Amino acid sequence: MRERPVAAAVRAGARPGANAGAPSPHSEQFKLHNRAKGAAIVMSKLRVAVAGAGLIGRTHISMARASTTIELAAVVDPSPVADAVASAASVPLFLTLDDLLNHDRPDGIVLATPNQLHVPQALQCIEAGIPCLLEKPIAPTVAEAEALVAAVDASGARLLIGHHRAHSPIMAKARAVVQSGQLGRIAGVMGSATFLKPDHYFDDGPWRREPGGGPILINMIHEVHNLRMLCGDIVAVQAIKSHAIRGFAVEDTVAISLQFASGALGSFLLSDVTASARNWEHTSQENKAYPTYEDEDCYVISGTNGTLSVPTMRLKTYPNVQGRSWWKPFETGVVGMVRDDPLRLQMEHFGAVIRGEALPLVTARDGLENLRVTEAITRAAESGQLVRL
């Protein structure tokens, strides 16, 4: 890891006042010198390498390059397109993680590589003692995720899982409202991720027509983390799936029932064949690649004293606990918040994790639990049975 100026001086055996002609420690010149030196230390950027030059990898590269606290150190990817990506960013390209680690030691590494590489590459970072931002899912299977969690626990490694919506100011505000007790005791949540994937999506990746390439494993894992943030751990699931519209081997629509540890229940509609805006991308205004529909929500959280719709943040509550009834009017309002890009915030948080200023907001164990719930939904949809976690 790159040495800070003070550390380098200590290692060289320097002592305060050892330099001939150094200014007096009480002089203005000395104070100005130290202020300038301190600013240089504080402003020194962390060097972060990104492994994976695909769509999400290029997004991480953009976030690193735009950061005021992080600089892109290298790109790692063996694909033909990676050379152009690294050249455009004016950083070296390494074909493998081994090559990178043999030639450089960045302060942190982002792993945005294919799912089957997540665990072995994260273990490489742990062995090298380098903090890692690992894209979701944490692993292809629960068993592999459990092995990685065990390695993190044993080593104390700094591993952040890339469920970037956890860094959304919308989600933070919604969670704060729930935890404040304004809604009363949470009874249930209704959610949806309904959207339309175009035909070329499947032509470009024929594997998406086959089991494992559908919205449960590709899209639902995002929703699981959001639901766990809002309502707590999920302890049981049921699901019914259909492929009636496209007729592929993989599902295109799934109806999911959820039970939370608190006793709250949830219902969720997942579909990638519906002309609908009731999904996070079309409602949150966070991903500018998608059109926005400000009047739509994708979650409604219902408690004994009110409801919160997310992400419009429309709030309906009874003015007082006494006399609550469906005959009585609600007080209505909109919870104020400031929007920001969760991917940008995630990169800045990763920097704080590297510097030891923060613990990972999304831990390896969170990644494991999200994958465990998603796999349970798959099993429930296959069997038609209630699956307990």
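What you see is a predicted model; the values in this text were computed from it and never measured.

Under the counting rule described, the total for this entry stands at 5 aromatic pairs. Judged by centre distance (6.0 Å) and plane angle (75°), the rings of Trp-326 and Trp-327 are edge-to-face. For Trp-326, a relative accessible area of 76% puts it in the exposed group. Taken together, the aromatic side chains of Tyr-201, Phe-202 and Phe-248 make up a single cluster linked through ring pairs.

Turning to the environment of Arg-355, a few remarks are in order. Here Arg-355 lies in helix α13 (residues 342-355). Between the C-alpha atom of Arg-355 and that of Asp-107, which follows or precedes it by 248 residues, the distance is 8.9 Å. Filtering out sequence-adjacent residues up to four positions away, Arg-355 remains in contact with Leu-46, Thr-69 and Arg-158. A polar contact of 3.0 Å, which involves the side chain of Arg-355, links it to the side chain of Glu-357.

Before going further, it helps to spend a moment on the nonpolar core. Grouped together as the largest cluster of nonpolar side chains are 96 residues, with contacts concentrated most on Ile-138 and Leu-308. Among the elements that make up this core, the one with the highest residue count is helix α14 (residues 364-383) (8 residues). Setting aside residues no more than four positions away along its own chain, Leu-308 makes contact with Ala-174, Val-177, Leu-183, Tyr-299, Val-300, Ile-301, Met-313, Arg-314, Leu-315 and Val-335.

Here helix α7 (residues 142-155) is 14 residues long and its end C-alpha atoms lie 20 Å apart, about the 20 Å a rise of 1.5 Å per residue gives. Listing the buried residues of α7 in full gives Val-142, Ala-145, Leu-148, Val-149, Ala-151 and Val-152. Those residues of α7 that are buried lie in contact with α6 (118-128), β5 (132-135), β6 (159-162) and α14.

On to the side chain of Arg-208. Following the sequence through the fold, Arg-208 ends up in the loop between α9 (199-204) and α10 (215-218). For the buried Arg-208, which has no salt bridge, the nearest side chain bearing the opposite charge is Asp-204, at an N-O separation of 5.5 Å. A distance of 2.7 Å separates a polar side-chain atom of Arg-208 from the backbone oxygen of Tyr-201.

Any residue range with low pLDDT should be treated as having predicted coordinates unsuitable for detailed reading. This prediction gives the chain a mean pLDDT of 90; 89% of its residues lie at or above 70. Confidence drops under a pLDDT of 50 for residues 1-28, and excluding neighbours within four residues, the segment shows 22 contacts in the predicted structure. Considering only residues more than four positions removed or in separate chains, one finds that residues 30-41, a stretch of pLDDT under 50, has 8 contacts.

Reading guide: rules and limits
Residues numbered from 1 in each chain as written. Predicted model: local features only at pLDDT ≥ 70, side-chain atom pairs only at ≥ 80, totals over all residues. Heavy atoms only, no water. Phe/Tyr/Trp six-rings, centres within 6.5 Å; stacked < 30°, edge-to-face > 60°. Buried < 20%, exposed > 50% of the residue type's maximum accessible area, 1.4 Å probe, protein only. Helix = DSSP H or I, 4+ residues; strand = E, 2+ residues; numbered from the N terminus. Contact = heavy atoms within 4.5 Å. Polar contact = N/O pair within 3.5 Å; in protein donor to acceptor, adjacent residues only side chain to side chain. Core = buried A, V, L, I, M, F, W, Y, C linked by side-chain atoms within 4.5 Å. Expected span 1.5 Å × (residues − 1). Lys, Arg positive; Asp, Glu negative; His and termini not counted. Salt bridge = Lys/Arg side-chain N within 4 Å of Asp/Glu carboxyl O. pLDDT = per-residue confidence, 0-100.

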